[in-house]
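Each chain, letter by letter, is given below.
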Amino acid sequence: MRAVKSRNTTPEMIVRRLLHSMRYRFRLHRKELPGKPDIVFRAKRKVIFIHGCFWHGHECRRGSRVPKTNTAYWKQKILRNQARDECNVQKLRALDWRSLVLWECQIGKTGEKVVPSVTSFLRE
């Protein structure tokens, strides 16, 4: 698991390129915010989390598969990740920050599918 990246993943890079092309400027992985959000819009008090479907237990085909070995461990790990994610969103909400979660399967290869949701989130 040491080889699994938590920063600068392919889906994250796709969304970052997309946001730059839309002329948005942002900060990355701010440690002072709960959960170290992937993308931070400080002036708007908004953050974007980009979750991998498997690691965060999304309900898509990729996220719902369970490894054949050490199944109990992986189920518990994914449940802990989901609980931590929800806790971080609640902490951000208490600090008056809004958050958006983008899933790996939603982003796709170009990120064009998430443009409407990102645009509406940032314009609110």
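An account of the accompanying structure is given in this report. The residue numbers shown here count from 1 along each chain, following its written sequence. Local features are withheld for residues below a pLDDT of 70 in this predicted model, meaning they are given only at 70 or higher, and side-chain atom pairs are given and counted only at 80 or more; totals for whole chains, interfaces and linings count all residues. To get the side-chain values, take all heavy atoms of the structure and skip hydrogens and water.

Let us now look at the sheet that holds strand β3 (residues 46-51). Here, a strand pair is defined by DSSP locating no fewer than two bridges between the strands. In this text, helices come from DSSP runs of H or I with a minimum length of four residues, and strands from runs of E with a minimum of two, each type numbered from the N-terminal end. The four strands are arranged β1-β2-β3-β4 in an open sheet whose pairing can be described as mixed. Across the chains shown, the open sheet's two edge strands, defined by having one partner strand only, are β1 (27-28) and β4 (98-103). With six bridges joining them, β3 and β4 adopt parallel strand pairing. Bridge pairing in β4 links I48 to L100.

What makes a salt bridge here is a side-chain nitrogen of Lys or Arg within 4 Å of a carboxyl oxygen of Asp or Glu, nothing more. Applying the stated criterion across every chain yields a total of five salt bridges. R30 is paired through a salt bridge with E32; the nearest N and O atoms lie 3.3 Å apart. Among the ionic pairs, E32 bridges to R42, the shortest N-O distance being 3.0 Å. Of this pair, E32 sits in the loop between β1 and β2 (39-41) while R42 sits in the loop between β2 and β3; the two residues are ten residues apart in sequence, bridging distant segments of the chain. Taking relative accessible area as the criterion, E32 reaches 45% and is therefore assigned partly exposed. Each residue is assigned to one of three classes by its accessible area relative to the maximum for its type, calculated with a 1.4 Å probe on protein chains only: buried under 20%, partly exposed between the two thresholds, exposed over 50%.

Honestly, that's just the spatial picture; any functional story needs more than this.
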